[in-house]
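Residue strings, one per chain:
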Amino acid sequence: MEGIMQEGRPSERNANEEMNTDFIGKYILAIDIGTTAFKAAVFDHEGNECAAATEEYLILTPQPGWAEMDPDQYIDIFKRIVRRAVAKSGVDKEDIVTLGISCQLETSLFLGKDHEPLRRAIVWCDTRAAKEAGDIVDEFGSRTVHRHTGQVGKDAIWPGAKLLWLKKHEPEVFANLDKVIQLNGYFAYLLTGRMVEDDSLLGSTVYWDINTRDYWDKMLDYIGITRDQLPEIVVPGTLVGKITKEAAADFGLSENLTVNIGGSDLACGVVGTGAIDLGCFSDSTGSALCTMAITDHVVLDPTMQMPCYCSVLPGYYMVHAYSTGGMFMKWFRDTFGEMEMLREIREGVNAFDLMDQLAESVPAGSDGLIALPHLQGSGPPDLNANAKCCFFGMTLAHGKAHFARSIMESIVMVLCRILETTEALDIKSDKIISFGGGALSPVWCQIKADATGKKVITTANNKSAGCLGACILAGVACGMWDSVESACAAIIKEDKVYEPNPELKPVYDKLLAQYKTLMTCIWPAFA
């Protein structure tokens, strides 16, 4: 693990610790529930990926800023990828001992008395509840909200704000609400019949207290919900129970399978890349850009720009920020990449690799073309649910390749903003451990290194970081490995290192200054 693991907790980390021999020939199934795709992967007792299956899907956007999903569609996708991954692996389902879940945050499901959904799920990036988030802050005060929850600003993605929107705009749904739960808890319920949620996902609900790690009663009273309407709180990586006989038949799994709640996709990705020690800074450029910095205490940013969450490791926390990420490039591919997608069909060349080639043909700075990537509002430290995407500085000299590179650079500028705000909290690192789809792009990784002035490291397991993190948590819980630390040390290997080019740093420093100026000037126009 040279280059990935740092100095922390050496007594707990021993790559030579013996794996429990009872698990030789046994397997773990892990599911990563992402914003625009599900992935299932089967891992053996040494943490090797045997097979995986992925399925993309489209979020429903019935109005600008809205993002919804039919819960039945989530279930159908889950079933398909489980069956495909197991079939591809050639593993007997009876040899799969446990299932772990890595899951997007803030996506809320609203269940009635029969625990059937009352409406579509409201996806995390939905910004309809901007006013309700403001109402929460107005009622309690921003510092009180920050002190209790670790959350900053007025964020429309908060599930508490979503509940207030529901109460106001769909009162019949709110009146019949028996349970509100997030996606990993929902699937744990479908599989085991037990209604639980882990607190790596509860952090941004604003009705959960980061200090007590329990529900915040005053916020529950304000929203108008009770503890009975919320799932039991468990720590990340908890073994929820054994799959029910009915669920085993429905999902095509063994009746002996146990189910692990896992944790948030971001926190699982941190484990799946080995970025688990104090001061480790990692970024995931999936549908969203997300960054995580590990601490051993709750960090309350005095400037109230950076939020704090629980990690999936006991006693550890994450300073975490987010913004539009790969969904911007996906939008560009789907909207303007018809030729690239046709070539993918005809020649088998990935359309995103072709976009990489376009971006690489353009110099750093995109010849003055600047993009703001905020397709669904902007996240910390420049939190604004009303922020919009735009391109600035277009001339006749700019072509498709410039737009491709400027999109990549715009997301890296957000990364730079997050880094400078995180480092102001005395959390510093000389490298970035990168995972998610964006980490598969050498061009994007090099831009990150050049713009930040830090080494960017990817791991051999990058394609399945969320799944692998959920696998490790589940494996530790069932006794396959002694600890998360020893499992990471034994399993995770460094793949590529992108060294920064110091000659390009001034170009990106100028671009960052222009980005910040543009954000400041356009801010009043966001509405």
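Look up: the structure comes first, before these words.
Residue positions are given per chain, counting from 1 as you read along its sequence in written order. In keeping with the model being predicted, local features are shown solely for residues with a pLDDT of at least 70 and side-chain atom pairs are shown and tallied solely at 80 or more, while totals for entire chains, interfaces and linings include all residues. For the side-chain quantities, the full set of heavy atoms in the structure was used; hydrogens and water were omitted.

Trainee: Help me understand the environment of Cys280 in this model?
Mentor: By the criteria applied, helices consist of DSSP H or I runs no shorter than four residues and strands consist of E runs no shorter than two, each listed in order from the N terminus. Structurally, the position occupied by Cys280 is in the loop between helix H10 (265–272) and strand E15 (281–285). Relative accessible area decides the class of each residue, using a 1.4 Å probe on protein chains only: under 20% of the type maximum gives buried, over 50% gives exposed, and in between gives partly exposed. The class for Cys280 is buried, based on a relative accessible area of 2%. Taking the C-alpha atoms as reference points, Cys280 and Ile432, separated by 152 residues in sequence, lie 7.7 Å from one another.

Trainee: Sorry if this is basic, but what is going on with unusual backbone geometry here?
Mentor: Following Pro380, the chain continues into Pro381 via a peptide bond in cis, with omega recorded as 5°. Here Pro381 is to be found in the loop between strand E19 (370–373) and strand E20 (389–392). Residues other than glycine seldom take positive phi values, yet Glu106 does so here, at roughly 70°. Of note, Glu106 is situated in the loop between strand E5 (96–103) and strand E6 (108–111). Even without a glycine there, the phi angle at His115 is positive, about 65°. Mapped onto the elements of the fold, His115 is located in the loop between E6 and strand E7 (121–122). Exposure remark for His115: the relative accessible area of 19% places this residue in the buried category.

Trainee: Where do I start with the side chain of Ser108 in this structure?
Mentor: Along the chain, Ser108 turns up in strand E6. The buried category is assigned to Ser108, whose relative accessible area is 1%. Contact between two residues is taken to exist if any of their heavy atoms lie within 4.5 Å; hydrogens are not considered. Ignoring any residue separated from it by four or fewer positions in sequence, one finds Ser108 in contact with Ala121, Ile122, Pro159, Lys162, Val180 and Ile181.

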